[in-house]
Amino acid sequence: MITPLTAADNTGPLAGLRVIEMAGIGPVPLAALMLSEMGADVLRIERADAREPLLSLPDACDLDRHGRSILRLDLKRPEGPELLLRLAEKADVLIEGFRPGVMERLGLGPEIVLERNPALIYGRLTGFGQDGPLSRSAGHDITYLAYAGLLHAIGRQGAPPVPPLNLIADQGGGAMMLIAGVLAALFQRSRTGEGQVIDAAMVEGASMLAATVHAFIAAGLWSDRRGENLLDSGAPFYDAYETADGRHVAIGCLEPRFFAEFARLLPLDRRFVPGQYDRTLWPAMRAVIAARIREKTRDEWADVFGPTDACVAPVLSLTEARNHPQSRARQSFVKSDELERPAPAPRFSKATPTLAAAPTVADRQPSDVLARFGIDESEIETLVRSGLFGQ
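From a predicted model like this one, the values you see are computed outputs, not experimental measurements.

About the thresholds
Residues numbered from 1 in each chain as written. Predicted model: local features only at pLDDT ≥ 70, side-chain atom pairs only at ≥ 80, totals over all residues. Heavy atoms only, no water. Patch = residues over 30% accessible without salt bridge, like charges linked within 9 Å, V, L, I, M, F, W, Y side chains within 5 Å. Areas by Shrake-Rupley, 256 points an atom, 1.4 Å probe, with all protein chains shown as cover. Salt bridge = Lys/Arg side-chain N within 4 Å of Asp/Glu carboxyl O. Helix = DSSP H or I, 4+ residues; strand = E, 2+ residues; numbered from the N terminus. Buried < 20%, exposed > 50% of the residue type's maximum accessible area, 1.4 Å probe, protein only. Pairing = 2+ DSSP bridges. Arc of directions from axis to C-beta. Contact = heavy atoms within 4.5 Å. Phe/Tyr/Trp six-rings, centres within 6.5 Å; stacked < 30°, edge-to-face > 60°. Lys NZ or Arg CZ within 6 Å of the ring centre and 35° of its normal. pLDDT = per-residue confidence, 0-100. Core = buried A, V, L, I, M, F, W, Y, C linked by side-chain atoms within 4.5 Å. Axes fitted to C-alpha atoms, helices over the stretch in contact; angles between N-to-C directions.

**Student:** Is there a simple way to explain a nonpolar patch on the surface in this structure?
**Tutor:** A cluster of nonpolar side chains, contributed by Leu54, Leu55 and Leu57, occupies part of the molecular surface with about 380 Å² of accessible area. Counting through the fold element by element, Leu55 comes out in the loop between β3 (41-47) and β4 (68-73).

Listed below in structure tokens is the structure:
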């Protein structure tokens, strides 16, 4: 059982690591959440004058704040950046996701921060990187996918591109690449004692996720037109099909032995088995598969294919996925108050999982937060009385 822990209780392989997160939206908060659940002690710095977020969530569902201490700091006053620099002196990592130049205008750019703490890992995540003609342009996941060429590649032939939620550029090419960079820099620091700056760009991270597709294009194995290839709905044996009850099953039998098992159980005319990769057969193959799949419900097909290696799966909804036997067996989803959410990932053999909880009252109190960074009580009282902190 995974027990929710407060920011001060963190365990895990990163226990003892101190991270400062500059509050924002999208991938940086996810990176901070994951670092927290790996054991890091994360302090989230929120602007005292910050506007209401685009989506206002109740505390129990606000994962952008779970597992952290929170300090609402007035960064427009000179005392604000100076206090943050003092906190950074005792931190291991700082991560931020502002447009290039924002941290510099606050007096918190990497040159200044690293002068105060040369061992700091300063992680920067933007859409396009710290330089280049688009570096200061606004965007979201769909924007970065469009520039990376990936949005063009996702969707069916003859239909518009399909946005894949915000999972590829924001979370995969953004948060995951930022975490990878932070961990790599920490390893290098363990040998050199020196910190460094990480310049992570979502458009580049998303492109890296598609490195093998670029290799397929170079090898002549992939068309630069969507809906014509093995993994983009072009192949009839790698696609989703509607069932008798209006739901869907996902078919992914790429390898010949898996396809042979699929053909046996569907059943599919045996002439298609040796011709699996004969593109002239694909239209007829698709028509037969679609007609057969419509003869049973999604769950009936799940019963047929479930115990086999045919690589056929029911397309579950997000809520259904939580209750699948595989998810229940591994406790892949866990309860945190009224929130049911994915369990911390990945898992470690020598660390206790940490499920980040909503911040406590102490996690939000400037006096408690600053005391953890070694600032003495009298100075804390002076800072609090000065009005430097938001509510």
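**Student:** Can you help me understand unusual backbone geometry in this one?
**Tutor:** Only a minority of non-glycine residues have a phi that is not negative, and only a minority of peptide bonds are not trans. Leu266 connects to Pro267 through a cis peptide bond whose omega is -10 degrees. Take Pro267: it is sitting in the loop between α10 (256-265) and α11 (282-293). With omega at -5 degrees, the peptide bond leading from Ala345 into Pro346 counts as cis. Within the fold, Pro346 resides in the loop between β12 (339-342) and β13 (355-356). The backbone phi angle of Cys311 is positive, close to 60 degrees, even though this residue is not glycine.

**Student:** Looking at this model, I keep getting lost on the pairing of strand β11 (residues 333-336). Mind explaining?
**Tutor:** Here is the key point about a regular strand: its side chains alternate between the two faces of the sheet. Only one face of β11 is covered, namely the one carrying Val334 and Ser336; the face carrying Phe333 and Lys335 has none of its residues buried. Bridging between β11 and β12 involves 4 bridges; their strand directions are antiparallel. Looking at the pairing, Val334 lines up with Arg341 of β12. Hairpin connection, β11 to β12: the antiparallel pair is bridged by 2 residues, and Asp337 has positive phi, about 55 degrees.

**Student:** Honestly, helix α12 (residues 298-305) in this entry has me stumped. Any pointers?
**Tutor:** Owing to its 3.6 residues per turn, the α-helix brings residues three or four apart onto one side. Taken together, the buried positions of α12 are occupied by Arg298, Trp301 and Phe305. Viewed end-on, α12 has its buried residues packed into an arc of 65 degrees, placing them on one side of the element. Along its buried surface, α12 packs onto β9 (248-252), α10, α11, β10 (312-314) and α13 (318-322).

**Student:** Can you walk me through the packing of aromatic side chains in this structure?
**Tutor:** Taken as a whole and judged by the stated rule, the model has 9 aromatic pairs. Measuring from centroid to centroid gives 6.1 Å for Phe259 and Phe262, while their planes differ by 40 degrees, and the two rings are tilted. In this pair, Phe259 and Phe262 both sit in helix α10, 3 residues apart, roughly one turn of the helix. On the basis of an interplanar angle of 25 degrees and a centroid distance of 5.6 Å, the ring pair of Trp301 and Phe305 is categorised as stacked. Placement of the pair is Trp301 and Phe305 together in helix α12, with a separation of 4 residues, close to one helical turn. Here a set of aromatic residues connected by ring pairs shows up, and it is made of Phe237, Phe259, Phe262, Tyr277, Trp282, Trp301 and Phe305. It is Arg18 that lies over the ring of Phe373; its NZ or CZ is 4.2 Å from the centre. Here the guanidinium or amino end of Lys296 rests over the ring plane of Trp301, the centre of that ring lying 5.6 Å away.

**Student:** Would you mind going over the confidence of the model for the protein with me for this structure?
**Tutor:** Per-chain confidence: the protein averages 94 in pLDDT, with 97% of residues scoring 70 or above. Counted against residues more than four places away or in other chains, residues 3-8, with its pLDDT under 50, gives 18 contacts.

**Student:** I keep staring at the nonpolar core and nothing clicks. Help me out?
**Tutor:** One recurring pattern in soluble globular proteins: nonpolar side chains tend to sit buried together. In terms of nonpolar packing, the biggest core is built from 35 residues, with Val19, Val93 and Ile95 touching the most fellow members. Looking at this core, the elements that each hand over two or more residues are α1 (27-37), β5 (93-96), β6 (121-126), α5 (141-148), α6 (150-153), α7 (167-192), β7 (196-201) and α8 (202-209). With 7 residues, the single largest contributor to this core is α7. Sequence-distant contacts of Val93, that is, excluding residues within four places in its chain, are made with Leu17, Arg18, Val19, Ile20, Leu120, Ile121, Val182 and Leu186. By size, the runner-up hydrophobic cluster in this structure holds 31 residues, among which are Leu114, Ile375, Ile380 and Phe389.

**Student:** So what exactly am I meant to see when it comes to the sheet that holds β3 here?
**Tutor:** Across a sheet, paired strands are connected by hydrogen bonds in the backbone, their directions being either parallel or antiparallel. The parallel open sheet is built from 6 strands, whose spatial order is β4-β3-β2-β5-β6-β7. With one partner strand each, in any of the chains shown, β4 and β7 form the two edges of the open sheet. Direction aside, neighbouring strands of the sheet carry axes that sit 20 degrees apart on average. Relative to β6, β5 runs parallel, the two sharing 4 bridges. Considered in β6, the bridge of Ile95 is made with Gly123. Of the strands in this sheet, β2 (18-22), β3, β4, β5 and β6 are in contact with α1, which crosses β2 at around 160 degrees. With respect to the sheet, α7 is in contact with β5, β6 and β7, its orientation differing from that of β6 by roughly 160 degrees.

**Student:** Which parts of the structure should I look at to understand the environment of Leu167?
**Tutor:** Residue placement: Leu167 occurs in helix α7. Taking the C-alpha atoms as reference, Leu167 lies 36 Å from Arg116; in sequence the two are 51 residues apart. With residues up to four places along the chain from it excluded, the contact list for Leu167 reads Asp141 and Gly172.

**Student:** Please clarify how the pattern of salt bridges should be interpreted in this entry.
**Tutor:** Opposite charge on two side chains makes pairing possible when the charged atoms of those side chains draw close. Enumeration according to the criterion identifies 30 salt bridges in this entry. Here Glu21 ties to Arg68 by a salt bridge, and the two come within 3.0 Å at their closest N and O atoms. Residue Glu21 is located in strand β2, and its partner Arg68 is located in strand β4; the two are separated by 47 residues in the primary sequence. Of the residues examined, Glu21 reaches a relative accessible area of 0% and is grouped as buried.

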